[in-house]
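Each chain, written out:
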Amino acid sequence: MDKGRIAIIGAGPGGMAAALAAIRVGFDVQLFERATEVRAAGNILNLWPPPQKVLKLIGVDTDDLGAPCHTYFQSAKGRLRADVKLPPEVEAEYGGGFIGLLRMGLYDRMLDALPPGVLRLGRDVARIDDRGDGVRLTFSDGAVEEADVVIGADGINSFVRRQLWGEEPIRRQFLHLVGGYLFLDEEPEGVGVLSHDRTTQVSYTPIRHEGKWGYEWWVLEAFKPEDPLPVDLVEFCRVRAQGFPQRVQDLIAATPPAHMQRWEIRDRPPLKQWSKGRVTLVGDAAHPTSPYAAYGAGMSIEDGYFLARELDAVDVRDADAVAGALQRFEDRRKPHTFKITQGAYFTGRIFHHLPAPLRPLRDWVFDHTPFLQKMVGDDMPVHILSQLAEIEDAEPYVPIHKRKKEAAE
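Residues numbered from 1 in each chain as written. Predicted model: local features only at pLDDT ≥ 70, side-chain atom pairs only at ≥ 80, totals over all residues. Heavy atoms only, no water.

The chain is annotated in an unreviewed UniProt entry as 2-polyprenyl-6-methoxyphenol hydroxylase-like FAD-dependent oxidoreductase of Sphingomonas yantingensis.

Scanning the chain from N- to C-terminus turns up twelve helices and 17 strands. Taken over C-alpha atoms, the radius of gyration comes to 21 Å for the chain, in line with the 22 Å a tight globule of 409 residues would show. In the chain, buried positions account for 56% of the 409 residues. Taking the intrachain contacts of the chain between residues at least 6 apart in sequence as the baseline, contacts between residues at least 24 apart amount to 76%. Here the chain displays about 17,500 Å² of accessible surface, and carbon together with sulfur accounts for 52% of that area. Within the chain, one finds 50 positive and 59 negative side-chain charges whose respective centroids are separated by 4 Å. (Helix = DSSP H or I, 4+ residues; strand = E, 2+ residues; numbered from the N terminus. Rg over C-alpha atoms; globule rule 2.2 N^0.38 Å. Buried < 20%, exposed > 50% of the residue type's maximum accessible area, 1.4 Å probe, protein only. Contact = heavy atoms within 4.5 Å. Areas by Shrake-Rupley, 256 points an atom, 1.4 Å probe, with all protein chains shown as cover. Lys, Arg positive; Asp, Glu negative; His and termini not counted. Charge placed at Lys NZ, Arg CZ, Asp CG, Glu CD.)

What follows deals with unusual backbone geometry. The phi dihedral of aspartate 64 falls on the positive side, at around 60 degrees, and the residue is not glycine. Positionally, aspartate 64 belongs in the loop between α2 (49-57) and β4 (67-75). One non-glycine residue with positive phi stands out, namely phenylalanine 174, at about 55 degrees.

With respect to the secondary-structure elements, histidine 176 resides in strand β12 (residues 171-183). The class of histidine 176 is buried, set by a relative accessible area of 6%. When the C-alpha positions of histidine 176 and valine 219 are compared, they lie 8.4 Å apart, and in sequence the two are 43 residues distant. Beyond its immediate sequence surroundings of up to four residues, histidine 176 is in contact with Val219, Leu220, Glu221, Ala222, Phe223, Pro230, Phe236, Arg262, Trp263, Glu264 and Ile265. Here arginine 262 takes part through its side chain, which lies 3.1 Å from a polar atom of the side chain of histidine 176. (Polar contact = N/O pair within 3.5 Å; in protein donor to acceptor, adjacent residues only side chain to side chain.)

Moving on, we come to the sheet that holds strand β9 (residues 135-139). Strands sit in the order β8-β9-β10 across an open sheet of three strands; the sheet is antiparallel. In this open sheet, the two edge strands, each paired with only one partner strand, are β8 (125-130) and β10 (144-147). Adjacent strand axes in the sheet meet at a mean angle of 20 degrees when their direction is disregarded. Two strands pair when backbone bridges link them, and β8 and β9 are joined in this way by five bridges, in the antiparallel orientation. Bridged to valine 125 within β9 is phenylalanine 139. (Pairing = 2+ DSSP bridges. Axes fitted to C-alpha atoms, helices over the stretch in contact; angles between N-to-C directions.)

A separate point is the UniProt feature "domain: FAD/NAD(P)-binding" (unreviewed entry) in the chain. Using the residue numbers shown here, the UniProt feature "domain: FAD/NAD(P)-binding" (unreviewed entry) corresponds to residues 5-60. Between the end C-alpha atoms of residues 5-60 the distance is 22 Å, and the span holds 38% helix and 27% strand. (UniProt positions renumbered as here; feature names shortened; annotations may be inferred.)

The subject of this paragraph is the packing of aromatic side chains. Tallying each qualifying case throughout the model produces eleven aromatic pairs. When the ring of phenylalanine 351 is compared with that of phenylalanine 366, the centres are 5.2 Å apart and the planes differ by 45 degrees; the resulting orientation is tilted. Here the residue phenylalanine 351 occupies a position in helix α9 (residues 319-352), and phenylalanine 366 occupies one in helix α10 (residues 359-368), the gap between them amounting to 15 residues. Pair check on accessibility: phenylalanine 351 and phenylalanine 366 agree, each one buried. (Phe/Tyr/Trp six-rings, centres within 6.5 Å; stacked < 30°, edge-to-face > 60°.)

What the rule picks out here adds up to 32 salt bridges. In this structure, arginine 120 and glutamate 145 form a salt bridge, with 3.2 Å as the shortest nitrogen-oxygen distance. Linking arginine 120 in strand β7 (residues 119-121) with glutamate 145 in strand β10, this pair joins segments that are 25 residues apart in sequence. For arginine 136, the salt bridge goes to glutamate 146, with nearest N and O atoms at 2.9 Å. Of this pair, arginine 136 sits in strand β9 while glutamate 146 is found in strand β10, placing the two residues ten residues apart along the sequence. Residue classification places arginine 136 among the partly exposed residues on the basis of a relative accessible area of 32%. A residue is classified by how much of its surface remains accessible, and glutamate 146, at 32% relative accessible area, is partly exposed. (Salt bridge = Lys/Arg side-chain N within 4 Å of Asp/Glu carboxyl O.)

Structure representation (structure tokens):
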């Protein structure tokens, strides 16, 4: 561990992926989380093949992590609008278009891959001082840590981002989502259906969590700032699912209320510059995105991998070399993250904020032309394959603490 020291702020998927990727190439890493425990931000999750490939490479056990899922876009009445097709060999290796799981299932696998002593809980960073030859972190309790590189992985409300670039407004999309999940006694069909009517999306995909099969589902629509927040989530979803296939209505009715969660969809316009000096950003700290892309956690995981590869190629004690590596990292990632975040934003607007007189025309286009197939069914697989090609082909990494444990057993 003589390559230098990396400090990471925030222990979500982006922070943990950055830590594991940096450890894999030989850095001394400390992962600081201000909460006293790692908690998943949300309940349901889908992962496309590229982040799955990264997880394997950085030492995360991905066996039986999620449920394979082939995804279709349909109208509320069941008319097919888009089929998201990947090559058969990719679907066979990575579980269809994506896998469905619970967020905490991913977090637990990533936590298990971290070596002892890397994660530092209850560490609230109060100040970041880039001194040129290194970075000093001052915590709210007065403690100080030193690092060669600091990575802000602390989410949409990132403290590190504010330190670098000042206050910037969060973009409210005036969309909200209620998501839920339930478990079954049998394996579900490996199919996910994303359905829309004139105003609302009601969708479901299979999940796998800790050896149990089930489904996740969500209801998404626009709201006005003056609208009262839904109190009875079951009733809120039941009413909006009327007119959609009976399958999703039954899933909603069978879901325990404790397995439901509402959140508002927010993001930020693309940030022109992520890095400054020896400090950079990953994941939602750099490019928060709407769940319409089903790629927020996935992009965060990819970020950590690509950042570690750039830092691995330089001497991090050289300030100019670090600045160059961080710039190459963000220049490489910006086209991908821009496409996903802005695509998700505009998809949300097309489906939920189009003026009412234009909605019948929109739906006619979706139902009777290949527009949505081209935009989602064809373009998304091309993008997925390009990301897979950028990730190295190598044997999965086994962390040294796991190797020692296996040897002792």
